[in-house]
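Understanding the architecture of this molecule
Residues per chain, in single letters:
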Amino acid sequence: MRGCVWSSRALSPGLLLRLLRDARCCGHRLDRQGPWGSVRLLATAQDTQPVPLPSQARVVICGGGIVGTSVAYHLAKLGWTEIVLLEQGRLGAGTTRLCAGIISVAKPISIESQMADYSNALYERLEEETGVKTAFVRTGSLCLAQNQDRFLSLKRLASRLRVLGIACNVIKPKEVVKLHPLVNIHDLVGALHLPGDAMASPPDINHALAVAAARHGVQIHERTSVNHVLMEKGHVTGVETDRGPIECEYFVNCAGQWAYELGQSSEVKVSVPLHGCEHFYLLTKPHHQPLHPNTPVVMDMDGRIYVRAWQGGILSGGFEKNPKPIFTEGRNQLEIQNMQEDWDHFEPMLNALLRRMPSLDSCEIHQLVNCPESFTPDMRCLMGETPGVHGYFVLAGMNSSGLSFAGGAGKYLAEWMTYGYPTANVWPLDIKRFGNLQSSRTFLRHRVMEVMPLLYELKVPRWDFQTGRQLRTSPLYDRLDTQGARWMEKHGFERAKYFVPAGKDLLALDQSKTFYKPDWFDIVGAEVKCCKEAVCVIDMSSFTKFELTSTGDQALELLQRLCANDLDVPVGHIVHTGMLNERGGYENDCSVVRLSKNSFFIISPTDQQVHCWSWIKRYMPSDPQLHLEDVSWKYTALNLIGPRAMDVLSELSYVSMTPEHFPTLFCKEMSVGYANGIRVMSMTHTGEPGFMLYIPIEYALHVYNEVMSVGQKYGIRNAGYYALRSLRIEKFFAFWGQDLDSFTTPLECGREFRVKFDKGTDFLGRQALMQQRQEGITRRFVMLVLEDHDAELDLWPWWGEPIYRNGQLVGVTTSSAYSYTLERHVCLGFVSPATAGQNPTVITPDFINRGDYEVDIAGQRYPAKAKLYPFSSLFAQQRRRKDDMELSNFQGK
Amino acid sequence: MAAASQLFQVIRGMELARIWPRARFLCQTCCQFSHPCDANSGPKQHTWRGYRTSQAWHTYYLTPPQVNSILKANEYSFKVPEFDGKNLSSVMGFDSNQLPANAPIEDRRSAATCLQTRGMLFGVFDGHAGCACAQALSERLFYYTAVAMLQHETLAELESAVEAGRPVQPVLQWHKHPNDYFSREASRLYFSSLRTYWQELLDLSTPGEGPDTAEALLSAFKRLDSDISLEAQVGDPNSFLHYWVLRVAFSGATACMAHVDGAELHVANTGDCRAVLGIQEPDGSFSALTLSNDHNAQNEEEVRRVRAEHPPSEARTVVKQERLLGLLMPFRAFGDVKFKWSIDLQRRVLESGPDQLHNNEHAKFVPPNFHTPPYLTAEPEVRRHRLRPQDRFLVLASDGLWETLHRQEVVRIVGEHLTGVHQQQPVSVGGYRVTLGQMQGLLQERKARISSTFEDQNAATHLIRHAVGSNEFGAVDHERLSKMLSLPEELARMYRDDITVIIVQFNPHVIGAQ
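Given the structure is predicted, the values throughout are model-derived calculations rather than measurements. (Residues numbered from 1 in each chain as written. Chains lettered and ligands numbered in written order. Predicted model: local features only at pLDDT ≥ 70, side-chain atom pairs only at ≥ 80, totals over all residues. Heavy atoms only, no water.)

The subject of this paragraph is the overall build of chain B. Helix and strand counts for chain B stand at 19 helices and 15 strands. Taking as baseline every contact in chain B between residues at least 6 positions apart, the subset at least 24 positions apart corresponds to 74%. Summing over all exposed atoms, chain B offers an accessible surface of approximately 23,600 Å²; the carbon and sulfur share of this is 53%. (Helix = DSSP H or I, 4+ residues; strand = E, 2+ residues; numbered from the N terminus. Contact = heavy atoms within 4.5 Å. Areas by Shrake-Rupley, 256 points an atom, 1.4 Å probe, with all protein chains shown as cover.)

So, on to the side chain of Q135 of chain B. By the element assignment, Q135 of chain B lies in helix α4 (residues 132-148). If near-sequence neighbours (up to four positions away) are discounted, Q135 of chain B is found in contact with R108, Y181, F182, S183 and W244 of chain B.

Each partner contributes to the interface: chain B provides 14 residues, whereas chain A provides 16 residues. Taken together, chain B and chain A are joined by one salt bridge. Salt-bridge contacts for R433 of chain B lead to E364 of chain A; the nearest nitrogen and oxygen are separated by 3.0 Å. At the junction of chain B with chain A, the criterion picks out eight residue pairs in polar contact (both at pLDDT 80 or more). Looking at the side of chain B that touches chain A residue by residue, the class counts come to six nonpolar, five polar and three charged. (Salt bridge = Lys/Arg side-chain N within 4 Å of Asp/Glu carboxyl O. Polar contact = N/O pair within 3.5 Å; in protein donor to acceptor, adjacent residues only side chain to side chain. Nonpolar A, V, L, I, M, F, W, Y, C, P; charged D, E, K, R; others polar.)

What follows concerns the sheet that holds strand β10 (residues 235-241) of chain A. Residues and elements named next belong to chain A. As summarised here, the arrangement of the three strands in space is β9-β10-β11, forming an open sheet in which the pairing is antiparallel. Edge positions in the sheet fall to β9 (226-232) and β11 (244-247), since each of these pairs with one other strand and no more. Ignoring which end each strand starts from, the neighbouring axes of this sheet average 25° apart. Bridge count for β10 against β11 is four bridges, and the pairing is antiparallel. Its bridge partner being in β11, T241 is matched across the sheet by G244. (Pairing = 2+ DSSP bridges. Axes fitted to C-alpha atoms, helices over the stretch in contact; angles between N-to-C directions.)

It is worth spelling out the packing of aromatic side chains at this point. Residues and elements named next belong to chain A. The full count for this structure, using the stated rule, is 42 aromatic pairs over all chains. For the pair W520 and Y722, a centre-to-centre distance of 4.6 Å together with 50° between the ring planes defines the contact as tilted. Of this pair, W520 sits in the loop between α13 (506-510) and α14 (521-533) while Y722 sits in helix α19 (residues 721-730), and the two are 202 residues apart along the sequence. The class for W520 is buried, based on a relative accessible area of 8%. When the ring centre of Y118 is taken as reference, the NZ or CZ atom of K411 above it lies at 4.6 Å. We note R861 situated over the ring of Y804; from NZ or CZ to the ring centre the distance is 3.5 Å. (Phe/Tyr/Trp six-rings, centres within 6.5 Å; stacked < 30°, edge-to-face > 60°. Buried < 20%, exposed > 50% of the residue type's maximum accessible area, 1.4 Å probe, protein only. Lys NZ or Arg CZ within 6 Å of the ring centre and 35° of its normal.)

This part covers the domain arrangement of chain A. Accessible area lost during the coming together of the parts is what is often quoted as the interface size. Residue and element names in this part refer to chain A. If you check the domain split of chain A, you get domain 1 (56-329 + 338-375) and domain 2 (780-892). Listed by partner, the interface residues are eight residues for domain 1 and 13 residues for domain 2. Summing both partners gives a buried area of about 780 Å² for domain 1 against domain 2, and 67% of it is carried by carbon and sulfur. Sorting the residues of domain 1 by area buried against domain 2 places R156, S159 and V163 first, and these three jointly supply 62% of that buried surface. On the surface where domain 1 and domain 2 come into contact, there are one salt bridge. Of the charged contacts, one joins R156 and E801 as a salt bridge, the two residues approaching to 2.8 Å between their closest N and O atoms. Inspection of the domain 1/domain 2 interface yields two residue pairs in polar contact (both at pLDDT 80 or more). (Domains from an automatic or database assignment. Buried area = accessible area lost by both parts, 1.4 Å probe.)

So, about the sheet that holds strand β13 (residues 275-277) of chain A. Residues and elements named next belong to chain A. The three strands are arranged β18-β13-β20 in an open sheet whose pairing can be described as antiparallel. Whereas interior strands pair on both sides, the edge strands pair on one side only; in this sheet they are β18 (325-326) and β20 (373-375). Taken together, the three bridges between β13 and β20 define a ladder with antiparallel strand orientation. When the sheet's bridge partners are listed, G276 is paired in β20 with S374. Each of β13, β18 and β20 touches helix α11 (residues 441-454); the most contacted strand, β13, lies at about 45° to it.

Attention now goes to helix α18 (residues 700-711) of chain A. Every α-helix carries 3.6 residues per turn, so stepping three or four residues along brings you back to the same face. Between the first and last C-alpha of α18 of chain A there are 16 Å, a value that for twelve residues agrees with the 16 Å anticipated at 1.5 Å per step. Listed as buried for α18 of chain A are A700, V703, Y704, V707, M708, V710 and G711 of chain A. (Expected span 1.5 Å × (residues − 1).)

A word on unusual backbone geometry. With an omega of 0°, the peptide bond between A103 of chain B and P104 of chain B qualifies as cis. With respect to the secondary-structure elements, P104 of chain B resides in the loop between β2 (91-99) and β3 (107-114). In this structure, P374 of chain B follows P373 of chain B across a cis peptide bond, with omega equal to 0°. Tracing the sequence through the fold places P374 of chain B in the loop between α12 (361-364) and β13 (381-386). At Q311 of chain A, a residue that is not glycine, the phi angle is positive and equals roughly 50°. Non-glycine residue A858 of chain A carries a positive phi angle of around 50°. Within the element layout of this structure, A858 of chain A appears in the loop between β40 (853-857) and β41 (860-867).

The next point concerns the environment of A475 of chain B. Residue and element names in this part refer to chain B. Positionally, A475 belongs in the loop between α16 (459-469) and α17 (478-485). Residue A475 is classed as partly exposed on the basis of its relative accessible area of 31%. In the structure, A475 is positioned 187 residues away from A288 in sequence and 20 Å away in space, judged by C-alpha atoms. Once you skip the residues sitting within four places of it in the chain, A475 turns out to touch G469 and S470.

Residues and elements named next belong to chain A. This model, assessed by the stated rule, comprises 60 salt bridges over all chains. Between K731 and E688 there is a salt bridge, and its shortest N-O distance comes to 2.6 Å. Separated by 43 residues along the polypeptide, K731 in the loop between α19 and α20 (766-775) and E688 in the loop between β33 (675-681) and β34 (690-696) bring together distant segments of the chain. Of the two residues, K731 and E688, both sit in the buried class. Taken together, the shared-partner salt bridges in this structure form one network comprising D187, D300, R355 and R356.

For the rest of this paragraph, the subject is the confidence of the model for chain B. All names here are of chain B. Looking at chain B, the pLDDT average stands at 82 and 82% of residues meet or exceed 70. Segment residues 1-59: pLDDT under 50, and 60 contacts once partners within four positions in sequence are set aside and those in other chains are kept. The ipTM value of the predicted complex is 0.83, and its pTM value is 0.71. (pLDDT = per-residue confidence, 0-100.)

Another point: the pairing of strand β1 (residues 76-79) of chain B. Residues and elements named next belong to chain B. Of the two faces of β1, the one lined by Y76 and F78 is fully buried and the one lined by S77 and K79 carries no buried residue. Relative to β2, β1 runs antiparallel, the two being bridged by four bridges. By the bridge assignment for β2, S77 is matched with D95.

If you roll a probe as big as a water molecule over the atoms, it shows you where there is empty space left. Residues and elements named next belong to chain A. Counted under the stated rule, the structure contains eight cavities of 30 Å³ or more. Taken as a whole, the largest cavity spans an internal volume of roughly 130 Å³. In this structure, the largest cavity is lined by 13 residues; those nearest its centre are W520, R725, W796, A817 and Y818. Broken down by secondary-structure element, the contributors of at least two residues to the lining of the largest cavity are α19 and β38 (808-819). For the lining of the largest cavity, the class distribution of residues is eight nonpolar, three polar and two charged. (1 Å grid on protein atoms, 1.4 Å probe; cavity = no way out; pocket = protein on both sides within 12 Å on 5 of 7 lines; lining within 4 Å. Points joined across faces, edges and corners; volume = space filled by probe spheres on them.)

Glancing now at the pairing of strand β36 (residues 780-786) of chain A. All names here are of chain A. Counting buried positions along β36 yields seven of seven residues, so the element is predominantly enclosed. Side chains R780, V782, L784 and L786 project from β36 onto one buried face, and the interleaved F781, M783 and V785 project onto a second face that is buried too. As judged from the six bridges shared by β36 and strand β39 (residues 824-831), these two strands associate in the antiparallel manner. Bridge pairing in β39 places V785 opposite V826.

This is how it looks when you write it as structure tokens:
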């Protein structure tokens, strides 16, 4: 019956019988290897002659786990042909075989929840679509909270999920008992019930996806390893396998645990920063009152465990505090062979399990499974085209949510390969957020040891990674550190958050993990005040800095094509501009300085280092006269913010720095102290008066010391990024990566003045913007000032909070900060009218201005005033300038 | 084999789980015996209900760091240095430690490497009636032994160097804890006695011949005891020194000493300290082999010997209440001239002695039924053992340890510590029926064992921690440990004796190659 639909050329009829027999008999056979029985043989077995490999294909996918088959499935669905999937062992013989089989939407960021939600729906219909039994059961899941902070984070998750239209209920402990018979609720304060969550058998899902993909013509070859990927002039041209070469245009690295090594083995090394950790879970024999298969999955994050029903007993694993990293040396074994069980290591999780479900005490052990999982440096998966090589895509590093993500991630990657970009903003998952600098094995080993426990740890606003730190630092790092700097990390670079004054209780400050008012509140307040009234220095060296030079006007031509603003400005001018994609969305938001007629200095956000480079390179003609250089490491950037900044600088350079002599958005090379050739720019990225100094690093300490000693009499002090953030948000400055993404156009965030439609060059995205200008925008970036919100007592907003207008959900916040000037919280976010029918409604100023807005923080709604422009009163004490709206953006989180 | 031990593990776990609730209760009662009020009735016969807890008791609670600082105050470790990455010595190193019960402690320990011959020396000395004799042994016995083992030529060289006033080649390299002191005042006296000894040895030996180790040990023990006795009889013009030599002679000490040279191990024992060898069985577990006989009333051989040395009329009095003459626990000891000299000699020496001694009741007291001295000897029993690769370590300890822990338990604790508990056999369910609860019990027990091990770098410290703090189940109970260590000085001796431990770790690769 099922045989008739098989169209795969790679499968011989004889094997098909074997396949079907396997499929029928091994649904839930008990097996010593794990919960899911043995792996099914799909194409080749030792005793049969392998099907010869094709000599060419359009796309080669490496990895026959759930991720690889999902990519194959979705590509085939999107109409791709000549897809070849290669698996070194057997399908699903890696992590997929041992995966615990939970599909949950309880993920830290919305794009991940979205992927899980899609996967869930896909797996549910897969059995019907393919006829393969997948053991899919919609059990729902319960996230338990043992303390108020956890409960708050679950409530925040709930409001985020409601925005996505995913059902969820915040429930009382008593209701937990009704849903799950074994849970001990005595130490619970509440729970989140996600009725849509499900369980399935991962190898069966994997198999079903493979079957469906094969029907759509995907050729699947098992026992075929990719030795390396062939490239020519930065393009994939083929792969070299142990069974011969295959020519191809696209290559997808879905090799899971082995993705890092596979990336390293190609001619041009591809960085896939992930690292394996052992992951343990327990299988028991049936409970004396066998657990119903519909029993919800329990996630007790405070106990670091998850529990699901398994054959009348339970399956329970966890994310321990002291994970065991493996394969650091890169042992390239074929399959994950019997890893050692380690009961002593599992002891804390067993304790947590018996505490949560005491009646399991008498339940007999079936097996302790050790299943290696791969983790990434920031707990998010790696997706997309690699920066160096066109046609080389990656999807790996699932952080032990492989089953939840595979469906959605496969879909997004297939869209990416088909349309050039997925239908949703996947920047948080984009592999280009990492570069070579995250590829050190030692770094990865240390970082994943932090990441794995973090999966279940309480994540409060503004948490930072503690491992793999102090990799990139400014030359002033030690100076600032001794002055009390507290650090955060961005793209490997240490940046000061704020400066703890001498005598403050440091211990208390380091423990400032709260959803409420943080204890640095007054410290940052003082720094902001100093920025407003005197002058502050912020070390902003982490910014990405490129220099683009040419002999003729090639540099200008390139930038005119890439940037929406007009760059044909007099030498010395600074232009804030977006680099847009064809849809008119921001790929980058940067400041470009025209250093000379044919050389430009491009300043971009820190985490744009890889992405922006590859974006420019993509459109850069291969012209030996045109040269792009990454000079990030060559310059230390000091931001002098405040009304007295010009006094400090003029004293150090004997040049008048008043706006008459040094108008805003200008750049001059001048001397500061003894150091010559400092690029001084009249902008501060905050809307406050002041200057950015770009200093060749060997002068950094000298200039800093001079500035600090001369600044003494003007009340100079150090400030950190939190002060900067507060300043820029109260001025309604959006920044790329948080507020702006590749789906946001300048028109939607009120930056039409930075788009020069008539500059004479058909810049990227012009068409889309013209059309949008014609049709009107359907979403708008707004500033929401919270009212009736007590900063002392109420929960603080972070980002991702739903925005309601007249009780109707209209959007989500993207960033927020406390404005010390307004003495209110300010949230930035996008709103769009609820769609009536098919066509999205065009947004009008009336829509913004007339309406009662509310921001939902962990289920509690606070009234807010929506604004399209920052408060003019804020600028009252400032001198009016030619371009008052110096809007820039990208100081990172 | 592996399956069997896995089963053992699991069964242990089951037992533990079963007795767990009871264990708590027992722990509480067992801590109560150290109540100061019933101290006189002895530790085992407590009558708890009749007394209220005294206020003072509760103030003695120690935190884990305090416990550690007490336990670790005297710990010492020595690793034999490696040459070219290879350790050529059969001894890898040793750990030693002492825990006082008397104030001041009456136990002593010594460890040294012989420089003129090969091998290392280790000794524990358990003093009684003061620490003077044990202190003298710790300083002198190794020199006597080392000299006794010297070749004729080396002795001649030594003598001629001293004669000519040339610098003398060092004989011993000591491995001492800072608290292990040498008495400076007596060193000249000790040296001259030692020189007399080697001069005699020089006369007796013939060129080209090395003495037998066992004989050398025997000779050194007897010679030192007779020197102690002689020095006390002769006295010294310096009154302090005179007083000192008398104190040494009138106090006593037992000694257990080991000499390791390659695969040759000699143990010489006088008294009730003990040397136990830890042997690793093929399945990884440890068994004990005792290399010394205790010289006390529990040793029938010894009782027979003592009785045979005295007329039958004294048969009932020479060993009374399991003590020599009803007084002394060990049947062999250094010093203790009260059991060796005639009454006449004792009186004479005491009368000519310095004034301090006149008020010393202990010195004046004459044992009852004292008819045919000497009753006591320092002559050791010497046992030779050829080390095998499975012989992993040697535990030398004073009776304070052996009274509290069975030798099998001692060897297990040390063995598991030295092999590292991370190499503890991994738990495996195998095909057995184990419940989650049983597994949890087993894992918690293992964890407790690991954490107590990680606290101690030093195996001797680890052993003492167990000796003092073990509850009925062989697990260290912090509360008990804390109470035992916080006993007031005057009470401590009621509950425990001084404990001194030296653990010598052997190098199976070197031993196997020999």
